[in-house]
Amino acid sequence: MPTALVTGPTGFLGPGLIRELCSRGFQIRAFARPAWGERGLDAAGLLRLIGMDKSAGGKEQGNVELFFGDIRDPVALETAASGCDLAFHTAAMVSFKRQDREEQLEVNAGGARAVAEACLRAGVRRLVHTSSIAALGYRADGELIDETVAFNWPSSLTYRYSKHLGEREILSAAGRGLDAVIVNPAVIVGPGDRYVHGGQLVRDGVRGMLFAYPSGGMNIVGIADVVAGHLAAAEKGRAGERYILGGTNLTHREAFSYVAGLVGVRGPLFKVPPTAVRALATAAELFATLTRTEPVVTRDLVAGAGRFQWYSSAKAGRELSYNPVHLEQSLRDAYNWYRDNNAL
């Protein structure tokens, strides 16, 4: 029975990968944060958390082994990776708060380095590293962004910069013999997004916050397509290459209007200039600092306001047979999941 290491098993992408890998007969080594162990999570509890007990009567419990450790600890990671054929590094810290900068750099860049080192030492056949479109650069001409567009965002944008540095760590290990493939998902939506990252758009719609839109655009992809892209990268990807796993390119107005229609609220009424969006973020951060609360929006989060951040998945289509088709269903499933879990 082939064995796969999955970091981030309690996140958004990790559970989908575990479910699909189990269906393909893989033994799973799930590597989670120590805090989950302190809460008493075991393999059976993980399966319940990610919904596998409902779909398969819990019979996969013998196929999942749970490990706990810091993602920056190569020794703990090597223990989990020992004997694995594949590894999927999906764990990351997603934050747009400036006070999280140092920890985010350590987790997203240092964690990638530790995972790569562990895979090298353990002799893992292939590592699939989950990066992000955030690790790619932007184009001033508005044309589609592909894998050749070099990172050109300011290093002060911590999330983007940390994902860029994480890719550099993976490529460094690839230069020392690690068979690694990088995938760059777009904004992911779908059920199970318990930390509410890509799905924030859905919650904002329910809360009536999509009444205005910035210029520019975004790329949104369904979770099922991203899971399929990871598995295709493990099977067909070329070592040392990266692949954009995108979905649909939309203007912000189109995206906001679609989500508003989905959740049954009025669509956006007017356009907001990018300068106003950034000013609002600056004010929100100042207010949050003074009141010791969470900012509703941050300067890092709106850095791309006014830009058409549209991406091409043509390379993944050619080399991985990647064909994203699940966006509409994933948005509907995301809305239903938030509603059923009182997360709206």
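Scroll up a little and you will see the structure.
What counts and what doesn't
- Residue positions within a chain follow its written sequence, with the count starting from 1.
- In view of the model being predicted, local features appear only for residues whose pLDDT reaches at least 70, and side-chain atom pairs are presented and counted only at 80 or more, with totals across whole chains, interfaces and linings using the full set of residues.
- To get the side-chain values, all heavy atoms of the structure are used, and hydrogens and water are removed first.
- For this analysis, a salt bridge means a side-chain nitrogen from Lys or Arg found within 4 Å of a carboxyl oxygen belonging to Asp or Glu.
- Remark: exposure states derive from per-residue accessible area (1.4 Å probe, protein chains only) relative to the maximum for the residue type, with buried under 20%, exposed over 50%, and partly exposed in between.
- When DSSP locates at least two bridges between a pair of strands, those strands are taken to pair.
- Under the scheme used here, helices are H or I runs from DSSP no shorter than 4 residues and strands are E runs no shorter than 2 residues, and both carry numbers assigned from the N terminus.
- Here, axes are lines fitted to C-alpha atoms. For helices the fit covers the stretch in contact, and angles between N-to-C directions go from 0 to 180 degrees.
- Definition used in this section: a nonpolar core is a set of buried Ala, Val, Leu, Ile, Met, Phe, Trp, Tyr and Cys residues joined via side-chain atoms within 4.5 Å.
- What makes two residues a contact is simply this: any of their non-hydrogen atoms within 4.5 Å.

Below, the discussion takes up the pattern of salt bridges. Tallying each qualifying case throughout the model produces 19 salt bridges. Taking the shortest distance from any N to any O, the salt bridge between Glu-20 and Arg-24 comes out at 3.2 Å. Look at Arg-24 and you get partly exposed, because its relative accessible area is 47%. In this structure, Arg-238 and Glu-241 form a salt bridge, with 3.6 Å as the shortest nitrogen-oxygen distance. Take Glu-241: its relative accessible area is 23%, and that puts it in the partly exposed class. In this structure, a network of salt bridges that share partners links the residues Arg-98, Glu-285, Arg-299 and Asp-300.

So, on to the sheet that holds strand E7 (residues 187-189). What the 3 strands build is an open sheet, ordered E7-E9-E11; its pairing is mixed. The two strands at the open ends of the sheet, each matched to only one other strand, are E7 and strand E11 (248-251). The average undirected angle you get between the axes of adjacent strands in this sheet is 40°. Bridge count for E7 against strand E9 (residues 217-222) is 3 bridges, and the pairing is parallel. Its bridge partner lying in E9, Val-189 is registered against Gly-222.

Here we come to the nonpolar core. Core analysis: the largest hydrophobic core is formed by 46 residues, its most contacted members being Ile-18, Leu-21, Ile-28 and Phe-88. In terms of residue count, the dominant contributor to this core is helix H9 (residues 223-236) (7 residues). Once residues within four sequence positions are removed from consideration, Leu-21 is found in contact with Ala-4, Val-6, Phe-26, Ile-28, Phe-88 and Leu-231. One finds Leu-5, Ile-71, Val-115 and Ala-116 within the second-largest nonpolar core, a separate group that totals 26 residues.

Any link to function would need more than the numbers given here.
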